Amino acid sequence: MDQVMRDAIIKELTRVYWLELEATVNYLAISVDLDGIRAEEIKKSLAADIQTEIGHAQDLAARIKEIGGRVPGSFAFKPEQASLQPPEESTDVVAAIHGVIETEDAAIEQYNKIIRLCDGVDYVTQDLCVRLLADEETHRREFRGFLKEYE
């Protein structure tokens, strides 16, 4: 793979790396901040997903390094997930669910972008992104199921 393609792949991997880390921070906040009986399943699911998201970020960081990139530190971070902020009202479970679904949609879109970018060029990165995409789709499906109970 040439340097231009390598740089393009690293750029997209870095974006999804940040999406995973930002989701981790927000899942942690929401899993602690939500109140009420109705929130318990959502809180448990988000708390469990924190480790999954960190694992994704670790896998992405390793791949960035493997293909010649540098894993950025916190000064390079620019938050994007406005919809995933803890809801103003700590019992607003529906807002939290919508935020998770929107965040998963963004990650799924980014993984699909990388999968297309890597096609025929970088099968290892493509395979990694296919695996992580499956996790994101499963998580989105779970939260769509939660939403059906509330709407």
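These numbers come from a predicted model, not from an experiment. Numbering of residues begins from 1 in every chain and follows the order in which that chain's sequence is written. A pLDDT threshold of at least 70 governs which residues receive local features in this predicted model, and a stricter bar of 80 or more applies before side-chain atom pairs are shown or counted, although totals over entire chains, interfaces and linings include all residues. Excluding hydrogens and water, the side-chain figures rest on all heavy atoms present in the structure.

How would you explain the packing of aromatic side chains if you had to name every residue and give the values?
Stacked, tilted and edge-to-face are the three classes applied to pairs of Phe, Tyr and Trp rings, where Trp contributes its six-membered ring and a pair requires centres within 6.5 Å; stacked means planes under 30 degrees apart, edge-to-face means over 60, and tilted covers the rest. On inspection of all chains with the given rule, the structure shows three aromatic pairs. Taking the centre distance of 5.3 Å and the plane angle of 55° together, the rings of tryptophan 18 and phenylalanine 77 count as tilted. Highlighted residues: tryptophan 18 in helix α1 (residues 3-33) and phenylalanine 77 in the loop between α2 (40-66) and α3 (93-118), separated in sequence by 59 residues. The class of tryptophan 18 is buried, set by a relative accessible area of 13%. Taken together, the aromatic side chains of Tyr17, Trp18 and Phe77 make up a single cluster linked through ring pairs. Numbering of helices and strands runs from the N terminus; a helix is a DSSP stretch of H or I covering at least four residues, while a strand is a stretch of E covering at least two. Think of it in three bands: residues with accessible area under 20% of the maximum for their type are buried, residues over 50% are exposed, and the middle band is partly exposed, with areas taken using a 1.4 Å probe on protein chains only.

For the side chain of histidine 139, give the residues involved together with the corresponding values.
Here histidine 139 is to be found in helix α4 (residues 123-150). When near neighbours in sequence (up to four residues on either side) are disregarded, histidine 139 contacts Tyr27, Ser45, Asp49, Val100 and Glu104. When checking whether two residues touch, look at their non-hydrogen atoms; a contact exists if any pair is within 4.5 Å.

Any details on α4? Residues and values, ideally.
Each turn of an α-helix holds 3.6 residues, which means side chains three or four residues apart point in the same direction. The end-to-end C-alpha distance of α4, which contains 28 residues, comes to 41 Å, matching closely the 40 Å that a straight helix rising 1.5 Å per residue would cover. When we look at burial in α4, the residues that qualify are Thr125, Gln126, Leu128, Cys129, Leu132, Leu133, Glu136, His139, Arg140, Phe143, Phe146 and Leu147. Residues of α4 that are buried in the fold lie against α1, α2 and α3. A helix's residues, less one, multiplied by 1.5 Å, set its expected span.

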